[in-house]
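Letter by letter, the chains look like this.
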Amino acid sequence: MRFKLGLTGSIGMGKSTTAQMFADAGCAVWDADAAVHRLYGPEGAAVAPIGKIFPQAIENDQVSRDALRRIIADDATALKRIEEIVHPLVQEDREAFIAAHPQAIGVFDIPLLFETGGDAQMDATACVNVSRETQEARVLARGTMSADDLARILARQMPNAEKCARATYVIETDTLEHARAQVQDVLKDIEQRLQHA
Ligand SMILES: CC(C)(COP(=O)(O)OP(=O)(O)OC[C@H]1O[C@@H](n2cnc3c(N)ncnc32)[C@H](O)[C@@H]1O)[C@@H](O)C(=O)NCCC(=O)NCCS
Ligand SMILES: Nc1ncnc2c1ncn2[C@@H]1O[C@H](COP(=O)(O)OP(=O)(O)OP(=O)(O)O)[C@@H](O)[C@H]1O
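What you see is a predicted model; the values in this text were computed from it and never measured.

Calculation rules
Starting afresh in each chain, residues are numbered from 1 along the sequence in its written order. Chain letters and ligand numbers both follow the written order, the letters beginning at A and the numbers at 1. pLDDT decides what is reported in this predicted model: residues at 70 or higher carry local features, side-chain atom pairs at 80 or more are listed and counted, and totals for whole chains, interfaces and linings draw on all residues regardless. Only heavy atoms go into the side-chain values, all of them from the structure, while hydrogens and water stay out. Here a residue counts as near a molecule or strand whenever at least one of its heavy atoms sits within 4 Å of it. The definition of a polar contact used here is a pair of N or O atoms within 3.5 Å, where within protein one atom must be able to donate a hydrogen and the other to accept one, and adjacent residues in sequence count solely through side-chain atom pairs. Method for areas: the Shrake-Rupley scheme with a 1.4 Å probe, in which residue coverage is limited to the protein chains shown. Numbering of helices and strands runs from the N terminus; a helix is a DSSP stretch of H or I covering at least four residues, while a strand is a stretch of E covering at least two. In this scheme, a residue with accessible area under 20% of its type's maximum is buried, one over 50% is exposed, and one in between is partly exposed, where area comes from a 1.4 Å probe on protein chains only. Residue contacts are defined here by distance: any two heavy atoms, one from each residue, within 4.5 Å place the two residues in contact. Boundaries between domains were set according to an automatic or database domain assignment. Joining two parts hides part of their accessible area as seen by a 1.4 Å probe, and the buried area is that hidden amount summed over both. The working definition used for a salt bridge is a side-chain nitrogen of Lys or Arg within 4 Å of a carboxyl oxygen of Asp or Glu. Each aromatic pair joins two rings of Phe, Tyr and Trp (for Trp, the six-membered one) with centres within 6.5 Å, and gets the label stacked for planes under 30 degrees apart, edge-to-face for over 60, and tilted for any other angle. By this rule the span expected of a helix is its residue count minus one, scaled by 1.5 Å.

Q: Help me understand the site of ligand 2 in this model?
A: Contacts to ligand 2 come from 15 residues, most closely from Lys15, Ser16, Thr17, Arg138 and Arg142. Take Ser16: an N or O atom from its side chain is 2.6 Å from an oxygen atom of ligand 2. Here a nitrogen atom of ligand 2 and a backbone polar atom of Leu176 are 3.1 Å apart. Its free accessible area being 620 Å², ligand 2 has 73% of it covered by the protein chains.

And the structure:
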């Protein structure tokens with residue numbers, strides 16, 4: 001892999017849809033959320049180490065997110081200890097992915113790319129963006145979250161405007177067509193960078 005692009009953005013802003021556009025264009029795409037799900041799932045590498053410090057987090061040989069949420073609510077140090085286990089395992093998963101994929105450009109869909117400092121391991125970053133109104137409409141349309149749930153999540157994360165200000169590229173996800181055109185522009189720019197490297 002010659003170029004690693006970190007793709008980020010707030011909840012419901014279109015990361016997965018945009019990542020699929022990069023995949024359609026021939027990039028290898030890795031998804032941090034999917035990696036955490038594998039690590040927490042049956043035979044996942046996080047099950048034993050999390051079970052060692054929080055046996056009550058394990059249900060049916062998997063890590064239960066509901067149980068983790070309860071543990072974190074009761075113990076201010078718990079999230080940090082969980083992250084100390086999960087982050088190195090996520091990194092291992094990403095490195096195995098890089099080693100296994102021959103594509104020149106890899107796209108790394110990482111919701112908390114800037115919050116976790118993951119951008120330091122990327123050659124460039126892209127942030128998806130859409131208006132707060134459209135974001136809320138999209139998240140509520142899924143039917144899994146209320147406006148209050150969304151507000152609570154947003155209050156704990158870096159504002160999307162700041163993510164966009166830090167990113168090398170900003171991809172507006174107002175329409176599919178517009179986003180696809182910007183994905184092509186980003187890829188052209190990366191190809192030029194690779195030619196001059
Ligand atoms: C402690 C846990 C269980 C808390 O989970 P919880 O679902 O309550 O988290 P949170 O309220 O932040 O998010 C609620 C939902 O919104 C989604 N979400 C939150 N932020 C984003 C975002 N920027 N983009 C997309 N989806 C998001 C989450 O995936 C989740 O489905 C979880 O965060 C966890 O397992 N953390 C340790 C692993 C970790 O550090 N992961 C980060 C990636 S390396
Ligand atoms: N460029 C776009 N134009 C129009 N609609 C879009 C665009 N990108 C995404 N959407 C729509 O917005 C919603 C959220 O998109 P998506 O699931 O890709 O977001 P996400 O950032 O990956 O969210 P999460 O990480 O929270 O799952 C979906 O309903 C999707 O169809």
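Q: Can you help me understand the side chain of Asn160 in this one?
A: In this structure, Asn160 sits in helix α8 (residues 160–166). Judged by relative accessible area, Asn160 falls into the buried class, the value being 9%. Apart from residues lying up to four places away in sequence, Asn160 is in contact with Gly9, Ser10, Met13, Cys127, Val128 and Asn129.

Q: Please clarify how the domain arrangement of the chain should be interpreted in this entry.
A: It is common to report an interface's size as the accessible area lost on association of the parts. Examined at the domain level, the chain breaks down into domain 1 (1–27 + 104–197) and domain 2 (34–102). Here the C-alpha centre of domain 2 lies 24 Å away from the C-alpha centre of domain 1. Facing the eight residues of domain 1 at the interface are seven residues of domain 2. For the pair domain 1 and domain 2, the summed buried surface comes to about 600 Å²; carbon and sulfur atoms form 62% of the total. The interface formed by domain 1 and domain 2 contains zero salt bridges. Where domain 1 touches domain 2, the interface holds two residue pairs in polar contact (both at pLDDT 80 or more).

Q: Just checking my understanding: could you explain the packing of aromatic side chains for this structure?
A: In total, this model carries two aromatic pairs according to the counting rule given. The interplanar angle of 45° and the centroid separation of 6.0 Å between the aromatic rings of Trp30 and Phe108 together place this pair among those described as tilted. Taken as a pair, Trp30 in strand β2 (residues 28–31) and Phe108 in strand β5 (residues 105–109) lie far apart in primary sequence, 78 residues in all. Of the residues examined, Phe108 reaches a relative accessible area of 0% and is grouped as buried.

Q: How do you make sense of the pattern of salt bridges when you look at a structure like this?
A: Any two side chains of opposite charge can pair, so long as their charged atoms come close to each other. Taken as a whole, this structure holds 10 salt bridges when the rule is applied. One salt bridge in this structure joins Asp93 and Arg38, with 2.9 Å as the shortest N-O distance. Linking Asp93 in helix α5 (residues 78–100) with Arg38 in helix α2 (residues 32–40), this pair joins segments that are 55 residues apart in sequence. Exposure remark for Asp93: the relative accessible area of 19% places this residue in the buried category. Across the salt bridge formed by Arg132 and Glu136, the nearest N and O atoms sit 2.9 Å from each other. On the criterion of helical spacing, the pair formed by Arg132 and Glu136 is a turn pair, its members being four residues apart in helix α6 (residues 132–141).

Q: Mind showing me how you'd approach α5 here?
A: Helical geometry note: an α-helix holds 3.6 residues per turn, so side chains three or four residues apart project in the same direction. Here α5 contains 23 residues, and its C-alpha end-to-end distance of 33 Å stays within 8% of the 33 Å for a straight helix at 1.5 Å per residue. Those residues of α5 lying buried are Ala78, Ile82, Ile85, Val86, Leu89, Val90, Asp93, Arg94 and Phe97. Turning to α5, the residues buried within the fold contact β2, α2, α3 (47–53), α4 (65–74) and β5.

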